[in-house]
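Chain residues, written in single-letter form:
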Amino acid sequence: MKKKIFVTGGCGYIGGLLIRDLLSQGYLVTCLDLLIYGDSAVKSLSNDKNFKLIKGDIRDKNILTKALKGSDAVVHLAAIVGDKPCEAALKASYDINFKGTRLLAHIAKKEKIKKFIFASTCSNYGVSDPNEFATENSELNPVSLYAESKIDCEDFLKNFSSEDFKVISLRFGTAYGMANRTRFDLTVNSFAYEAFKNNKISVFAQDTWRPYIHVQDICNIIVEMIKKEKFIENNNTFNAGFTEENFTKKQIVEKLIQHIPNLQVDYISLNNDKRNYKVDFSKIEKFLNNKKTKNVNDGFKEILEALKNKNIE
């Protein structure tokens, strides 16, 4: 019998790719999305009998209760994502990111769904010592409402997990690469777009560290977590990425210059983003034995080719 996966926020950057991966591996997928950005990420799946799209809000108890029935696992991607969008709508962001997660978890547990996969973020580390790698046990030091809301969700889920309701919180690095609805507010994608359009980029806080992960590798990790049968604990927190993919912004720019040798780079000393963290991913690397399929150079190549071929509107 086919397993049914319930994906929230499936019409976003990660969701469009993830849903295709799940369908190709024989899962039934129900996607709940508010469709703020439309349904372009999943539109081509409308005739797939194994896929169902529901327009709705994760804060709507009636919709959730009905939609979750019969699911084997929840992948919770829905959120107001990123620092600036959260700052622009403080109350709505916290409402969706935390209260929505809490309600979703309550109903999922009531419906006897065994596994709850929560998309968290390495932004939770905020400002940390760049000479040390942050592990899952490192102190959290958020510098944004976005990260604070994710930490509050993690804390709630940790206490809410049980033997019959396993929680997996995945602290993802900064995503990049092409998807069905590519985001251009993320470092690698943003640099590629700006460089292509203007042959010039402005770089703030060039020496700050961040871990990066291709959107396809994010999906691969989620799929592997769905497949994984044995978890030692009821609540499981993982830094989700690859240790070798930690770079400073300047190192990222040097990779971009390999693709655009005559690129003009304007380094600006003003630090408009305090975040600075290197992350250790050895726990998930051992747990999943999951291999990286793409690197930052691949990401730049994809984005630049898509722009060149006018595959991105």
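All values derive from a computational prediction rather than experimental measurement.

Procedures and definitions
Residues numbered from 1 in each chain as written. Predicted model: local features only at pLDDT ≥ 70, side-chain atom pairs only at ≥ 80, totals over all residues. Heavy atoms only, no water. Helix = DSSP H or I, 4+ residues; strand = E, 2+ residues; numbered from the N terminus. Rg over C-alpha atoms; globule rule 2.2 N^0.38 Å. Buried < 20%, exposed > 50% of the residue type's maximum accessible area, 1.4 Å probe, protein only. Areas by Shrake-Rupley, 256 points an atom, 1.4 Å probe, with all protein chains shown as cover. Salt bridge = Lys/Arg side-chain N within 4 Å of Asp/Glu carboxyl O. Phe/Tyr/Trp six-rings, centres within 6.5 Å; stacked < 30°, edge-to-face > 60°. Pairing = 2+ DSSP bridges. Axes fitted to C-alpha atoms, helices over the stretch in contact; angles between N-to-C directions. Contact = heavy atoms within 4.5 Å. Arc of directions from axis to C-beta.

Summing up its helical and strand segments, the chain has 10 helices and 14 strands in all. On C-alpha atoms alone, the chain measures out to a radius of gyration of 19 Å, which is about the 20 Å that the 2.2 N^0.38 rule sets for 313 residues. Principal-axis analysis of the C-alpha atoms gives the chain an extent of 55 × 45 × 40 Å. Across the 313 residues of the chain, 54% fall into the buried class. Only carbon and sulfur atoms are counted for the fraction: they give 49% of the accessible area of the chain, which is about 14700 Å².

What follows is about the pattern of salt bridges. Scanning all chains against the criterion turns up 11 salt bridges. Asp95 is the partner of Lys99 in a salt bridge, and the nearest nitrogen-oxygen pair spans 3.4 Å. Placement of both Lys99 and Asp95 in helix α4 (residues 90-110) is noted, with a separation of 4 residues, approximately one turn of the helix. The exposure class assigned to Lys99 is partly exposed, which follows from its relative accessible area of 39%. With relative accessibility at 16%, the residue Asp95 sits in the buried group. Among the salt bridges present, the one from Glu244 reaches Lys292, with a minimum N-O distance of 2.7 Å. Of this pair, Glu244 sits in the loop between β11 (235-240) and β12 (246-248) while Lys292 sits in the loop between α9 (282-288) and α10 (296-308), and the two are 48 residues apart along the sequence. On the basis of relative accessibility, which here comes to 55%, the residue Glu244 falls in the exposed class.

Right, let's get into the packing of aromatic side chains. Applying the stated criterion to the full structure yields 8 aromatic pairs. A ring pair is formed by Phe184 and Tyr193, whose centres lie 5.5 Å apart and whose planes are at 55°; its orientation type is tilted. By relative accessible area, which is 26% here, Phe184 ends up partly exposed. Residue Tyr193 is classed as partly exposed on the basis of its relative accessible area, which comes to 36%. Ring geometry for Phe231 and Phe287: centres 5.4 Å apart, planes at 40°, overall tilted.

Here the focus is the sheet that holds strand β2 (residues 28-33). Strand order in this open sheet of 7 strands is β3-β2-β1-β4-β5-β7-β11, and the pairing throughout is parallel. Strand pairing shows two members of the sheet lacking a second neighbour, β3 (51-55) and β11, which therefore form its edges. Strand-to-strand twist of the sheet, defined as the mean angle between neighbouring strand axes without regard to direction, takes the value 20°. Pairing of strand β5 (residues 115-121) with strand β7 (residues 166-172) involves 7 bridges; the strand directions are parallel. Residue pairing for β7: Ala119 is matched across the bridge by Leu170. Seen against the sheet, helix α2 (residues 61-68) touches β1 (4-8), β2, β3 and β4 (73-76) and runs at an angle of roughly 155° to β1. Strands β1, β4, β5, β7 and β11 of the sheet are contacted by helix α7 (residues 215-227), whose axis makes an angle of about 165° with β7.

Next up on the list: the pairing of strand β10 (residues 209-214). By the criterion of burial, β10 is predominantly enclosed, with 6 of the 6 residues buried. Residues Trp209, Pro211 and Ile213 line one face of β10 and the alternating positions Arg210, Tyr212 and His214 line the opposite face, and both faces are buried. Note: strand β8 (residues 174-176) against β10, 3 bridges, orientation parallel. Bridge pairing links Thr174 to Tyr212 in β10. With 3 bridges joining them, β10 and β12 adopt antiparallel strand pairing. Counted as the bridge partner of Pro211 is Asn246 from β12.

Time to look at helix α8 (residues 249-259). Taken together, the buried positions of α8 are Lys249, Ile252, Val253, Lys255 and Leu256. An end-on view of α8 places all buried positions within 160° of arc, on one side of the element. Residues of α8 that are buried sit in contact with α6 (187-198), β9 (200-204), β10, β12, β13 (264-268) and α10.

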